Amino acid sequence: MKVKMNRNAAKIINSLLSEPEQKGKYPRVVITEMHGNHAHYALTFDDPKEHDEIVETDKDIPVLLDKRDEEWLDGVWIQFFYVSEEKFEITNPSKGWGHQHHH
């Protein structure tokens, strides 16, 4: 599976990983909601589990993805934006790009 992240996301994730409570953990992309043709994602920190694939990224930060959700997780893009509000935005361009609903 593949994961991309922008430089801001890599910087924030690295600083979060350096905190004592995240020691030895990996960033994980999880699915929070499914809507037919697209999903909403969130970022958590976790230990590798039985069904996980540890995916290398171009920013040298491995990310955990659950292989059971490969259809939705393969190709996710983790971005962090400072503009308007500081937030992560995780999308999957291969799944209904441009249909991000913000509630």
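Our subject is the structure that appears above.
Because the structure is predicted, anything quoted here is derived from the model rather than measured.

Novice: Mind laying out the pattern of salt bridges, listing which residues take part and the relevant values?
Specialist: Where charged atoms from two side chains of opposite charge approach closely, those side chains can pair. If you walk through the whole model with that rule in mind, you get 7 salt bridges. In this structure, Asp-47 and Lys-25 form a salt bridge, with 3.2 Å as the shortest nitrogen-oxygen distance. Linking Asp-47 in the loop between β3 (38–46) and β4 (52–55) with Lys-25 in the loop between α1 (7–17) and β2 (26–35), this pair joins segments that are 22 residues apart in sequence. In this structure Asp-47 comes out as partly exposed when scored by relative accessible area, which is 33%. Between Arg-28 and Asp-46 there is a salt bridge; the shortest N-O distance is 2.9 Å. Note that Arg-28 is positioned in strand β2 and Asp-46 in strand β3, a separation of 18 residues in sequence. Across the pair, exposure class does not vary: Arg-28 and Asp-46 are buried alike.

The rules behind these values
- Starting afresh in each chain, residues are numbered from 1 along the sequence in its written order.
- Note on the predicted model: pLDDT of at least 70 is required for a residue's local features to be given, and 80 or more for side-chain atom pairs to be given and counted; whole-chain, interface and lining totals, by contrast, use all residues.
- Computation of side-chain values: all heavy atoms of the structure, hydrogens and water removed.
- Whenever a carboxyl oxygen of Asp or Glu lies within 4 Å of a side-chain nitrogen of Lys or Arg, that contact is scored as a salt bridge.
- A run of DSSP states H or I qualifies as a helix once it reaches four residues; a run of E qualifies as a strand once it reaches two. Both are numbered from the N-terminal end.
- Exposure is judged per residue with a 1.4 Å probe applied to protein chains only, and the accessible area is read against the type maximum: over 50% gives exposed, under 20% gives buried, and values in between give partly exposed.

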